[in-house]
Amino acid sequence: MTDFQIEIVPELTIPPFLVGEVKSKLAYLDEHIRQGEVAPAGDRILLVLDLEPDPALRSSLESKVQRVVTALVKGAFKPKVQVLEDCLDRPVTYGRDPLPELLERGEVSQEANGVFAMGPLLSRLINYFEGRFLGLADSFAARPYRFPTLIPARYMDRVNYFSAFPHSLSFATHLRTDLDVIDEFASHATCGEHGLSTPMESFSQIEMMLSPAVCYHLYFALADKTLPGGQVVATAVGNCFRFESSNLASLERLWNFTMREVIFVGAKDFVMQNRETARQRMKDTFQEIGLAYKVESANDPFFIGEFRKQAAFQSAFQLKYEIRARLPFKDSTLAVGSYNYHQDFFGRRLNISLPDGSPAHTGCVAFGLERIAFAFLAQFGLDPQGWPAAVRQAMNPEES
Ligand code: AMP
Ligand code: ZN
């Protein structure tokens, strides 16, 4: 397929701290966009399209770009990035992108954009990391939970998810319970390059979504109740879905990924202290594993209407810290986990009360399993001989 490029000069220059944020939003402007780039100086935007734009498309793209840039840039303050841990210069032994070799060896296979199957190497490595995360959960005597992959839209509405992250939602539907519709589908449905041939009217109204995070399920389970004993620590692993359009890339950014969470619900101090204790404990674990990483303040990828206000709020109240592992092959870092504090947001929205009647506070520690395995391979390669001893021996006990 041929690519067509257009360049747009934004009315406001994009400051360096927003270049990545603007770039990630370009993927959602128009279905013809294959890739969007922001010049490092923030004064030009390049869009790669899958067709030659006519004047109407050009002008629509131009106005959407200006809308996004203005919404994100106007009145934005540079957040003060707080670095809590910096172990980026820990020695690593590998410098290439592990994905081509993983694909070549059949250790991963791509089913669709952002959807990968993983073979024994990654599965075993993920099991190893899962063991470490479960160790963290056990250190808090966390209660184990299993949550569904589907999540009711009604609850997601209640926690403002629609306005905060509309771009990354994934919806679940089924055929309408009508014999004619089902018969029609059975005899005529086909799936082409761009998806099913079935008309949208054949599908039921959407009531369910694919879950974007694990901890929401716990908050929903506790909704409209008083928290027994005034506090809960829970842990669960689950499939999570975030549609990231053309930003979906490699194992770094998936549509379907898995997250292990340790979740704290209770009074403010209980949640804040446990989040901090979890960070200290993981610091020792990452040292044993030999991971090169840093922990720094961050914000969630809110959509444009909400971004400026919410990101500033998260940063001002130090609500989110990310564990960012080094990716030597591209001289950058990748978030492999996060330490989050939601204040009493879920407590208020979902009416989760403490025994004194006040709304519960919540927080979670979340690890992206595919990402941590990918970052580890990017730092130490595919050959276990080159891995730090703690990981090598845990995965192959006969060796020690
Ligand atoms: P968050 O709730 O956004 O802090 O996500 C927790 C962790 O999940 C992140 O630190 C990542 O490791 C992982 N994660 C989030 N989004 C994705 C994605 N699109 N693909 C793969 N992993 C992800
Ligand atoms: Zn969470």
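Up top you'll find the structure we're talking about.
Reading the values: the criteria
Residues numbered from 1 in each chain as written. Chains lettered and ligands numbered in written order. Predicted model: local features only at pLDDT ≥ 70, side-chain atom pairs only at ≥ 80, totals over all residues. Heavy atoms only, no water. Helix = DSSP H or I, 4+ residues; strand = E, 2+ residues; numbered from the N terminus. Buried < 20%, exposed > 50% of the residue type's maximum accessible area, 1.4 Å probe, protein only. Areas by Shrake-Rupley, 256 points an atom, 1.4 Å probe, with all protein chains shown as cover. Lys, Arg positive; Asp, Glu negative; His and termini not counted. Charge placed at Lys NZ, Arg CZ, Asp CG, Glu CD. Pairing = 2+ DSSP bridges. Axes fitted to C-alpha atoms, helices over the stretch in contact; angles between N-to-C directions. Parallel < 35°, antiparallel > 145°, perpendicular 65-115°, else oblique. Left-handed = near helix turned anticlockwise from the far one by under 90°. Contact = heavy atoms within 4.5 Å. Nonpolar A, V, L, I, M, F, W, Y, C, P; charged D, E, K, R; others polar. Core = buried A, V, L, I, M, F, W, Y, C linked by side-chain atoms within 4.5 Å. Donors = N, O, S within 2.8 Å, 3.2 Å for Na, K, Ca; no water. Polar contact = N/O pair within 3.5 Å; in protein donor to acceptor, adjacent residues only side chain to side chain.

K.L.:
Quick question: what am I supposed to make of the overall build of the chain here?
P.N.:
The helix and strand tally for the chain stands at 13 helices and 20 strands. The principal-axis extents of the C-alpha atoms in the chain amount to approximately 60 × 55 × 50 Å. Residues classed as buried in the chain amount to 49% of the 400 residues present. Per element, the accessible surface of the chain, about 19900 Å² overall, is 51% carbon and sulfur. For the chain, the distance from the average position of its 40 positive side-chain charges to the average position of its 49 negative side-chain charges is 7 Å.

K.L.:
Can you help me understand the pairing of strand S3 (residues 45-49) in this one?
P.N.:
Strand residues, when the strand is regular, have side chains that alternate between the two faces of the sheet. Of all five residues in S3, four are buried; the element is thus mostly enclosed. Taken together, the five bridges between strand S1 (residues 4-8) and S3 define a ladder with antiparallel strand orientation. Following the sheet pairing, Ile6 is matched in S3 by Leu47. When strand S2 (residues 33-38) meets S3, the two strands line up antiparallel, connected through five bridges. The partner of Gln35 across the bridge, within S3, is Val48. In this structure, the hairpin formed by S2 and S3 is closed by a connection of six residues, where Gly42 is found at a positive phi of approximately 75°.

K.L.:
Before we go on, may I ask you to explain the packing of helix H4 (residues 120-139) against helix H9 (residues 268-289) in this structure?
P.N.:
In the contact formed by H4 and H9, the axes pass within 11 Å of each other and the chain directions differ by 150°. One way to sum up the angle between H4 and H9 is to call them roughly antiparallel. Here H4 runs over H9; the crossing is right-handed. Across the interface between the two elements, Tyr128, Phe129, Arg132, Phe133, Leu136 and Ser139 from H4 touch Ala278, Arg281, Met282, Thr285, Glu288 and Ile289 from H9. Its residues assigned to classes, the contact of H4 with H9 comprises seven nonpolar, two polar and three charged.

K.L.:
What am I meant to see in the nonpolar core here?
P.N.:
The tendency in soluble globular proteins is for nonpolar side chains to be buried as a group. Residues Leu47, Tyr216, Tyr219 and Phe286 are the most contacted members of the largest nonpolar core, which totals 114 residues. Leu47 has contacts with Phe4, Gln5, Ile6, Ile8, Leu26, Ile33, Gln35, Gly36, Leu61 and Val65, leaving out every residue within four places of it along the chain.

K.L.:
Explain the coordination of the zinc ion (ligand 2) here, please?
P.N.:
For a metal bound by four donors in a tetrahedral arrangement, the ideal donor-metal-donor angle is 109.5 degrees, while six donors in an octahedral arrangement ideally sit at 90 or 180 degrees. Within the protein, Cys215 (SG), Glu261 (OE) and Cys364 (SG) serve as the donor atoms for the zinc ion (ligand 2), at 2.2 to 2.3 Å. Linear spacing of the donor residues for the zinc ion (ligand 2) on their chain is C-x45-E-x102-C. Of the two residues, Glu261 is situated in strand S15 (residues 256-266) and Cys364 in strand S20 (residues 361-368); the sequence distance between them amounts to 103 residues. With relative accessibility at 4%, the residue Cys364 sits in the buried group.

K.L.:
Teacher, can you tell me more about the side chain of Lys25 here?
P.N.:
Mapped onto the elements, Lys25 comes out in helix H1 (residues 16-26). Within the structure, Lys25 has its side chain in polar contact with the backbone oxygen of Phe302 (distance 3.2 Å). Setting aside residues up to four positions removed in sequence, Lys25 forms contacts with Val68, Leu72, Pro301, Phe302, Phe303 and Ile304.

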